[in-house]
Structures are given as structure tokens and as C-alpha cells.
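# Coordinate analysis (summary)
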Protein chains: 2
Amino acid sequence: MGANAQIKERANQQRSLETKNKILNAAEELFSLHGFYGTSLRDISALSGVRMSLCYYHFGSKEDVLQAVVDRRADAHQQALLEPLNAYKEQFGDQPIPVDALIEAYARPIMERHLSCGNGWRNYTRLMAHLYSESAHLEPKVQVHKYDPVIKQFFAEFRRSMPHANEPELHWAIYFLRSSVINMLLDTQLVDDQSAGLCDSGDLAQVITRLKSFFSKGLQEP
Amino acid sequence: MGANAQIKERANQQRSLETKNKILNAAEELFSLHGFYGTSLRDISALSGVRMSLCYYHFGSKEDVLQAVVDRRADAHQQALLEPLNAYKEQFGDQPIPVDALIEAYARPIMERHLSCGNGWRNYTRLMAHLYSESAHLEPKVQVHKYDPVIKQFFAEFRRSMPHANEPELHWAIYFLRSSVINMLLDTQLVDDQSAGLCDSGDLAQVITRLKSFFSKGLQEP
DNA sequence: GTCTATAATGAGATAGAC
DNA sequence: GTCTATCTCATTATAGAC
């Protein structure tokens, strides 16, 4: 292969990547807003400005597009979730990590991406939440549940910080925390509406403060 | 109109009602499992055993079927939610109702219908939860949010029971409670999976106990 | 009220020229 | 890699006989 051909191939790969990302960005937004079945490849094509046939060329099928959307940010998101946890582990060593620090370590990376890292991350986190209710019908075609190991690690740390709590009670408490975070990711405006605007689910600092103060009360030792 | 004609008309109305309910039952189940867009009228027709054209005759459109499903149990559900609250109001009179009683008054009617009143109610409550994430795309064609006044009444009672709590904090706490209940209605098995079966989200007594003990801790006066 | 048949639209997916 | 054109199928919805 000549030098010219190599340059051409590089340019093509670059353009291919850009096209793929245009598709994924549009799909991410629409899937997260209207669900998998509420979104057609025509919608994605229209929003992305990329011809429909290219979606098939690059991904194969609608389900494959969803899978690609899910996969694109999965590793980065997992890393972001574990980073503060590991930092705390290092900081506290053998000592247990305080409960409110654990709550923040869990909630902040998620809510931060949802609220202050741009539309891409906002759509991605919303989609992840949305998929919890759609996944039953989507699997096994699409692999969605990628964060179970992360939850396991968080549970282990909560356990260490609350040695006297009984196991089921602790599981329920962490589940309630997860439910609340997941619900916020859906952007249902439930708390904003309920409080007639007094509470702002779009305010990261407020969200983290409220999560910490409420759930650390529930997660105290008896 | 002769007596014979009247009898015939009665029988027809009866049959008509049965057909409608067959359709609504199937729609309730499928919408609640796969969402509005994940369900076709063909699916509903197949599951109910009623011809597709009859769905149009009785309701008009797919959206109208959803609306009818939502409406069918709405009043009964509202009543069921307010009944224990009003009973407590009567019982305690001017005294504030204890917080854990309020939590139970809110959660039990919902979770009871979800877990121990048969498949119809189970599907209905699951659908209501599901619609929180789909409603943005469905409105204004379908009117879904029918429980805001109920929440208002509950908030007022929580307020009375916790006169020193600040308003936003109270709103957030009640919102976290609602999130957890809503998530359980979706039957995602999150807590069952997370705890490897140690916790059972299908056990009504367990669910109520855990909700009360956890959320009453978070809802204490400072 | 119920049935069959069918219209009309939109969906996912593919073929083949460039 | 990109485009146009098209296929095939499922969907919502309607018309008209009984």
C-alpha cells in the first residue's frame, strides 16, 4: 500500500468514526427520552442527519445501535464510579469510611454526569435509568446490566462501616438510595412539581446535600 | 320499545361491557410489561381473544385504550389511598399522626394492591409507575397524573407531624419515599438481585416493615 | 356488536449504483 | 462510505356485510 492510500484510509476511518458518533449521539438522546420502542431509526436518522442505511452499515440493526450506545460510555462510567470509592479506601485504610462519604461517593459521580457534564452524559445516565424498566423485554438481545459489580463493592464498604447492621436491612437501605438516584435520572420532575418549585432536582449541590443528610440518617447504626 | 327489545338491549350492554373488560385487562398487562410503544393492538387482541376491530369500535384508538385502562381503576385507587389517611385523621383528631403511621398509610394501599390483590391490580400499579417515565412523550394525548392531590394531602399531614422540619427537606424526604415505592412497582427485582435473594420485594409484610423503619429514621425531627 | 377484508402508513432492513 | 430506491412486514385504522 502506498503512502497516499494510507492517508486516504486514515481520513476514511476518521470520517467513519464521526458518522458513528453522530448516530450514537442522536440515538442516546432519543432512546433516553422515548424509550427503545418509542424511537425509530428514522427518528435517529433525522436527528443525526445521517442516512438511515448508514445506521445499518455501521451497526447492523436497531438493537445493535442501542448496544453500542450503552457500551460507548460504560467503562468510563464504571471508572468514574469507582474512583472516589478507591480514593476513600486509600485515605481511610483499615478504618471504615464514614457513611455520608460513601453516599456521596456513590451518588456524586452519577448525578454529576447527569447534571453538569453536558447533554451526552445527561442522556446516557437517563437512558441507563430508563433501561431498568425496559430491560426485561430487551434482554437477551441487549446486554445492559453492567454495574452489578460496582454495587457489590459499595455494599461491601457500607458493610464495613456498619458492622452491627443486619444484612437485609442494609440491602434495603442501599436499594432505597439507588431507587431515589435512578428516579432523579429519569427527569420526571416529581420533586419539583410536588414542591411547586421549592426543590430543584437540577441543582447538583442541593441534590447531593439532601441525599447525604437524608440517607445517612437512615443508615445509622441502631 | 317492547319488553323483548329491552331485554335484548340489556344483554347487549352486558356483553359489550365484558368485551371491553377483556380488552382492558389484556392492555393493562401488556402496557405495564412492555410500555405503550412496546405493545401493539395486535398483541392486545391476541391476548384478550377479542378481534382488533372491536378495540377500535369500543375505544377509538390505541391511546384511548390506554386512557381507559388508566381511568378504570383511578377512583378506586384514590379512595384506597385516602381511606387509611382519613381513618388516622379521625383517630388522632387535633394531635399529629405519628410519622411511621403516615408512611404506612401511604405505602400499604399501593403495595397491597401491587402484591396481594390479584394480577389486575398488580398490572395497574406497575403501569402507573411505568407511565412516570413514558408520560412526557404521551401527554397531552393521555391524561395520567391523577394522584397529585393525594400527595398534597399526605404532605400536609407530614407537615403537621413535623412542624419544625424545613419545607424543602420534608419535600425531598417524601420524594425519596415515593421513588422507592415507584421503583418497587416496576418489579425490577433490584433489591432481590442485589441481595442474592436475601431480600424479597414480593413479600408485603417485609416491604412495609422496611419502608417504615428506614424512612421514619430519615423523617425524624432534627 | 361482531366479523372479514383492506386501506394507509410507518417500521426495520437490504440491493446496488457511485 | 455514501446514496437512492425499494422490499417486506407489522402497525394503526376504517369500510361495509351480517
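Everything in this summary refers to the structure shown in the same document. Please read these numbers as outputs of a predicted model, since none were measured by experiment.

### Details of the pattern of salt bridges
Applying the stated criterion across every chain, the model contains 26 salt bridges over all chains. Here Lys212 of chain A makes a salt bridge to Glu104 of chain A, at a shortest N to O gap of 2.5 Å. Taken as a pair, Lys212 of chain A in helix H10 (residues 204–218) and Glu104 of chain A in helix H5 (residues 99–116) lie far apart in primary sequence, 108 residues in all. We note a salt bridge from Glu112 of chain B to Arg113 of chain B, for which the minimum N-O separation is 4.0 Å. Overall, the relative accessible area of 17% leaves Arg113 of chain B in the buried class. A cluster of three or more residues bridged by salt bridges with shared partners is formed by Glu104, Arg108, Glu112, Arg113 and Lys212 of chain A.

### Points about the interface of chain B and chain A
Accessible area lost upon the coming together of the parts serves often as the stated size of an interface. The partner chain A presents 44 residues to the 44 residues of chain B that form the contact. For the chain B and chain A pair, buried surface summed over both sides reaches about 4300 Å², with 67% attributable to carbon and sulfur atoms. Taken as a group, Trp172, Gln194 and Phe214 of chain B account for 18% of the area that chain B buries against chain A, more than any other trio of residues on that side. We note a salt bridge from Glu169 of chain A to Lys217 of chain B, for which the minimum N-O separation is 3.5 Å.

### Digging into the protein's contact with DNA strand D
Around DNA strand D, the structure places 18 residues, and the nearest of them are Ser16, Arg51 and Tyr57 of chain A together with Arg42 and Tyr56 of chain B. For DNA strand D, the backbone portion of the atoms within 4 Å of the protein, that is sugar and phosphate, comes to 56%. Here a phosphate oxygen of DNA strand D sits 3.1 Å away from a polar atom, N or O, in the side chain of Thr19 of chain A. In the environment of DNA strand D, a phosphate oxygen lies 3.4 Å from a nitrogen or oxygen atom belonging to the side chain of Ser40 of chain B. Among the elements of the structure, helix H1 (3–34) and helix H3 (52–59) of chain A together with helix H2 (41–48) and helix H3 (52–59) of chain B are those that each provide at least two residues to the surface near DNA strand D. For the surface near DNA strand D, the per-class residue count stands at 5 nonpolar, 9 polar and 4 charged.

### What to know about the environment of Leu81 of chain B
With respect to the helices and strands, Leu81 of chain B occurs in helix H5 (residues 74–92). Considering only alpha carbons, one finds Leu81 of chain B and Gly197 of chain B, 116 residues apart in sequence, at a separation of 30 Å.

### Thoughts on the side chain of Ser201 of chain B
On the secondary structure map, Ser201 of chain B appears in the loop between helix H10 (190–194) and helix H11 (204–218). For Ser201 of chain B, a relative accessible area of 16% translates into the label buried. Among the polar contacts made by the side chain of Ser201 of chain B, one reaches the side chain of Asp192 of chain B at a distance of 2.7 Å. The residues contacting Ser201 of chain B, other than those within four sequence positions of it, are Trp172 of chain A together with Leu115, Gln189, Val191, Asp192 and Val207 of chain B.

### Observations concerning the relation of the copies chain B and chain A
The operation relating the two chain copies consists of a rotation about an axis and a shift along that axis. Taken as rigid bodies, chain B and chain A are interconverted by a rotation of 180 degrees and an axial shift of 0.0 Å, the fit giving an RMSD of 0.1 Å. Both chain copies can therefore be described as sitting about a two-fold axis. A high fraction, 100%, of the interface residues of chain B reappear at the interface in chain A, so the copies pair face to face through one surface.

### Thoughts on the protein's contact with DNA strand C
The environment of DNA strand C is made up of 18 residues, and the closest members are Leu41, Tyr56 and Lys62 of chain A together with Ser16 and Arg51 of chain B. Close to the protein, within 4 Å, the atoms of DNA strand C belong to sugar or phosphate groups at a rate of 58%. Here Arg42 of chain A contributes a side-chain N or O atom positioned 3.1 Å from a base nitrogen of DNA strand C. Separating a phosphate oxygen of DNA strand C from a side-chain N or O atom of Ser16 of chain B is a distance of 2.5 Å. In terms of residue class, the surface near DNA strand C is made up of 5 nonpolar, 9 polar and 4 charged.

### Regarding the nonpolar core
By size, the foremost hydrophobic cluster in this structure holds 142 residues, and its most contacted members are Phe215 and Leu219 of chain B. Residues from two domains meet in this core; each of domain 1 (3–71) and domain 2 (73–218) of chain B gives at least three. When sequence neighbours within four positions are dropped, the list of residues in contact with Phe215 of chain B reads Phe176 and Phe214 of chain A together with Ile103, Ala173, Phe176, Leu177 and Ser180 of chain B.

Here is what the cut-offs are and how they apply
- Residues numbered from 1 in each chain as written.
- Chains lettered and ligands numbered in written order.
- Predicted model: local features only at pLDDT ≥ 70, side-chain atom pairs only at ≥ 80, totals over all residues.
- Heavy atoms only, no water.
- Salt bridge = Lys/Arg side-chain N within 4 Å of Asp/Glu carboxyl O.
- Helix = DSSP H or I, 4+ residues; strand = E, 2+ residues; numbered from the N terminus.
- Buried < 20%, exposed > 50% of the residue type's maximum accessible area, 1.4 Å probe, protein only.
- Contact = heavy atoms within 4.5 Å.
- Buried area = accessible area lost by both parts, 1.4 Å probe.
- Near = heavy atom within 4 Å.
- Polar contact = N/O pair within 3.5 Å; in protein donor to acceptor, adjacent residues only side chain to side chain.
- Nonpolar A, V, L, I, M, F, W, Y, C, P; charged D, E, K, R; others polar.
- Least-squares fit on C-alpha atoms with pLDDT ≥ 70 in both.
- Core = buried A, V, L, I, M, F, W, Y, C linked by side-chain atoms within 4.5 Å.
- Domains from an automatic or database assignment.

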